[in-house]
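Observations on chain architecture
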Amino acid sequence: MSDRLGELARRRGFFFQANEAYGGVSGFYTYGPEGAALKRNVEDAWRDRFVTREGNMEIDSPTVTPEPVFVASGHLDGFDDMLVECGECGESHRADHVVEDETDIEDAETYSTEKVEAIIAEHDLGCPSCGAPLAGRPVEEFNLMFETSIGPGSGQPGYLRPETAQGMFTEFPRLKEYARERLPFGVAQVGAGYRNEISPRNALVRAREFTMAELEYFVDPEGDGPDLSRVADVELPLYPSDAQQADGEEYVRLTPRDAVDEGVVRGEWVAYFLARSKQWFERVGVDMDRFRFRQHLPGELAHYATDCWDAEGEVDGDWIELEGVASRTDYDLSKHAEHADDSFTVFKQYDEPKTVERAAVDPEMSYLGPEFGGDAGAVADALQALAERDRAAFEGDEVTVEVGGETYTVPTEQTGFAVEEVTESGRHVVPHVVEPAFGVGRAVYTVLAHNYDTDEVEGEQRDVLRLPAAVAPTTVGVFPLMDKDGLGERARDVAAALREAGLAVTYDDSGNIGRRYRRQDEVGTPYCVTVDYDTLEDDTATLRDRDTTDQVRVPVADLPDVLAGLRDGERAFGDL
């Protein structure tokens, strides 16, 4: 974080380190009055785009999650970062960050721990805190989840969620009922996530507690895609994996339709949400000249994903991940189906009943029971799954299945294998998931960085935060020219009326009018209303635009509608 932005954030109440009176703990931040309002407006803009306008539903699930959920999701085994500990000062660091900061390597997180360890030794890299050599120090996997206990004593093991997604997956059996079992449908959630970062840095960019806005969009893998004509005019700035591997920075600028047809983006739903994401980022104030979608490299692409793109914003020469749009296939729901006692499928009704061949088994439990004991039921289930997947496996004298890592062999004649014709009215489908997942704090940080500017007004330097009116913490500042002759009372009445109209208002009568304008410019307030002596005569007030500093006279009675229209983008200041 630049010193200039950090100073603004603290002085003007956007964000600052939490619990500073007790020394603070890295990775935790408090949003001040201006920051909390900005963050709330960014979240509301996200809901408007990805919930209301897309016709999706929103839930709010607990932040504490029992351990079995993360066993099923794989977080206990694979939600790790690479840790290296200094042998001199004892400080722990992200090993991949040490490599990226001190070498030309940009994607060290995609490497194995052994390779990162070798790079540290090869380049003789030192501890960022004390400078002591890190060569020879082990690089280990460190699980990022905060562990807790649910209930008294040792209780039931649980974790603070590292993402909101699992709440939407585990509640799928009920949520599909609300969607009347019709695909596609989306479930959204905005809420806190927690990751016990090894070395938090860059303020809101890498914190231990943060807010995420995630959409899990459930689609039929054989169903129709989105109507891409709805986003036909969106040009996507794409940075494909092959361009990255060629050490180039040549972006491909394509419409969603062309990106799919040319094989750059793998899937229509991914392309659709990339387009909607770009529209949203532009709306909240991310500079499109410093914005791109970067495709995951083969080494960083999750094994279950068919494609993933990160929306990134450039700040001070670094690219910050703001969102990931991933095609997660049926991995999540299938994993929970294996571990939970519920159905994670959707029943897809056929237009007309169909007669189909179905392979099934009816194993002799009188044989399986004595032969396999307590594993007999699991072996029977594995035989049925194999029959549905691979009929040819039953053509020999024996059939082999795997249960819990153990191999079991069953004589084919004991499996009761048969292929029968059945009439079906539909079938059960495990939906695939497309996931746009946003970091709200990172978006707030980038919006502040991209819109904090310096210009000159009337021969004086001015610091100005050019936030879009829709997300600015305050819509309008109301001032009396002077707090005398009834101007103060009239200005306070105007402020109260604007608040009643649902506008975010601040009132200021301290210092000269120019200084008051500068204070509001610096915190991003897009409009100011000044009550002066003419107001007492003709009931008009001066309305000032932050970016141009232009001023017009507006009847006080019209101010609520005028300001609401300006805030919502329904009218332009230049047209007044």
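The numbers attached to residues start from 1 for each chain and follow its sequence in the written order. Local features are withheld for residues below a pLDDT of 70 in this predicted model, meaning they are given only at 70 or higher, and side-chain atom pairs are given and counted only at 80 or more; totals for whole chains, interfaces and linings count all residues. Note: side-chain values were computed over all heavy atoms of the structure, leaving out hydrogens and water.

Examining the nonpolar core
We define a nonpolar core as any set of buried Ala, Val, Leu, Ile, Met, Phe, Trp, Tyr and Cys residues linked to one another through side-chain atoms lying within 4.5 Å. Think of it in three bands: residues with accessible area under 20% of the maximum for their type are buried, residues over 50% are exposed, and the middle band is partly exposed, with areas taken using a 1.4 Å probe on protein chains only. The biggest cluster of nonpolar side chains holds 65 residues, and the ones touching the most others in it are Trp46 and Trp280. The element best represented in this core is helix 11 (residues 268-284), accounting for 10 residues. A contact between two residues is defined here by any heavy atoms of the two lying within 4.5 Å. In contact with tryptophan 46, not counting residues within four places along its chain, are Val51, Ala188, Val190, Ala213, Glu214, Leu215, Trp280 and Phe438. The helix count covers DSSP runs of H or I at least four residues long, the strand count covers runs of E at least two residues long, and both are numbered beginning at the N terminus.

Section: the environment of tryptophan 280
Mapped onto the elements, tryptophan 280 comes out in helix 11. On the basis of relative accessible area, tryptophan 280 is assigned to the buried category, the value being 2%. Residues tryptophan 280 and aspartate 48, spaced 232 residues apart in sequence, show a C-alpha to C-alpha distance of 9.6 Å. Non-local contacts of tryptophan 280, meaning those with residues more than four positions away in its chain, are made with Val42, Ala45, Trp46, Arg49, Phe50, Phe438 and Ala443.

As for the side chain of arginine 328
Considering the arrangement of structural elements, one finds arginine 328 in the loop between strand 16 (318-327) and helix 12 (331-339). For arginine 328, a relative accessible area of 8% translates into the label buried. Within 3.5 Å is the distance limit for a polar contact, defined as a pair of N or O atoms, with the added protein rule that one can donate a hydrogen and the other accept it, and that residues adjacent in sequence qualify only through two side-chain atoms. There is a polar contact of 3.3 Å between the side chain of arginine 328 and the side chain of glutamate 435. Once you skip the residues sitting within four places of it in the chain, arginine 328 turns out to touch Phe169, Glu216, Tyr304, Val433 and Glu435.

Section: the packing of aromatic side chains
Aromatic rings considered in pairs are described by the distance between their centres and by the relative angle of their planes. The aromatic pairing rule takes the rings of Phe, Tyr and Trp, using the six-membered ring of Trp, and pairs them if the centres are within 6.5 Å, calling planes under 30 degrees apart stacked, those over 60 edge-to-face and the rest tilted. Inspection of the entire model under this criterion finds 26 aromatic pairs. Between tryptophan 46 and phenylalanine 438, the aromatic rings sit 5.9 Å apart at their centres with planes inclined by 75°, giving edge-to-face as the arrangement. Pair noted here: tryptophan 46 is in helix 2 (residues 33-52) and phenylalanine 438 is in strand 21 (residues 432-439), with a separation of 392 residues, a long-range link. Grouping residues by exposure puts tryptophan 46 and phenylalanine 438 together as buried. With a centroid separation of 4.3 Å and an interplanar angle of 15°, the aromatic rings of tyrosine 304 and tyrosine 331 are classed as stacked. Here tyrosine 331 lies in helix 12 and tyrosine 304 lies in the loop between strand 14 (291-295) and strand 15 (307-315), a separation of 27 residues in the sequence. Aromatic rings pair up to connect Trp46, Phe50, Trp280, Phe281, Phe291, Phe293 and Phe438 into one cluster. A ring has a charge above it when a Lys NZ or an Arg CZ is no more than 6 Å from the ring centre and no more than 35 degrees off the ring normal. A cation sits over an aromatic face here: arginine 4 above tyrosine 452, 4.0 Å from the ring centre. It is arginine 292 that lies over the ring of tryptophan 319; its NZ or CZ is 4.0 Å from the centre.

Quick notes on a nonpolar patch on the surface
Candidates for patches are residues over 30% relative accessible area with no salt bridge; among them, like charges are joined within 9 Å and nonpolar side chains (Val, Leu, Ile, Met, Phe, Trp, Tyr) within 5 Å. Residue exposure ignores everything except the shown protein chains as possible cover, and the areas themselves are Shrake-Rupley values with a 1.4 Å probe. For this document, the term salt bridge refers to a Lys or Arg side-chain nitrogen within 4 Å of an Asp or Glu carboxyl oxygen. Nonpolar side chains collect at one region of the surface, where Leu481, Met482, Tyr533 and Leu536 lie side by side and expose about 310 Å² of accessible area between them. Locating methionine 482 in the fold gives a position in the loop between strand 24 (476-480) and helix 16 (487-500). In this structure methionine 482 comes out as partly exposed when scored by relative accessible area, which is 35%.

Here's the deal with the pairing of strand 8 (residues 147-150)
Here, a strand pair is defined by DSSP locating no fewer than two bridges between the strands. Two strands pair when backbone bridges link them, and strand 8 and strand 9 (residues 156-160) are joined in this way by 4 bridges, in the antiparallel orientation. Bridged to serine 149 within strand 9 is proline 157. Between the end of strand 8 and the start of strand 9, which pair antiparallel, lie 5 residues, with glycine 151 showing a positive phi angle near 100°.

Regarding the sheet that holds strand 9
Read across the sheet, 3 strands follow the order 4-9-8 without closing on themselves; strand pairing throughout is antiparallel. Both outer strands of the open sheet, strand 4 (64-66) and strand 8, are each paired with one neighbouring strand and no more. Across the sheet, the mean angle from the axis of one strand to that of its neighbour is 45°, orientation sign disregarded. As paired elements, strand 4 and strand 9 share 3 bridges and run antiparallel to each other. For threonine 65, the partnering residue across the bridge sits in strand 9 and is tyrosine 159. Orientation is described by axes fitted as lines to C-alpha atoms, over the contacting stretch for helices, and by angles from 0 to 180 degrees between their N-to-C directions.

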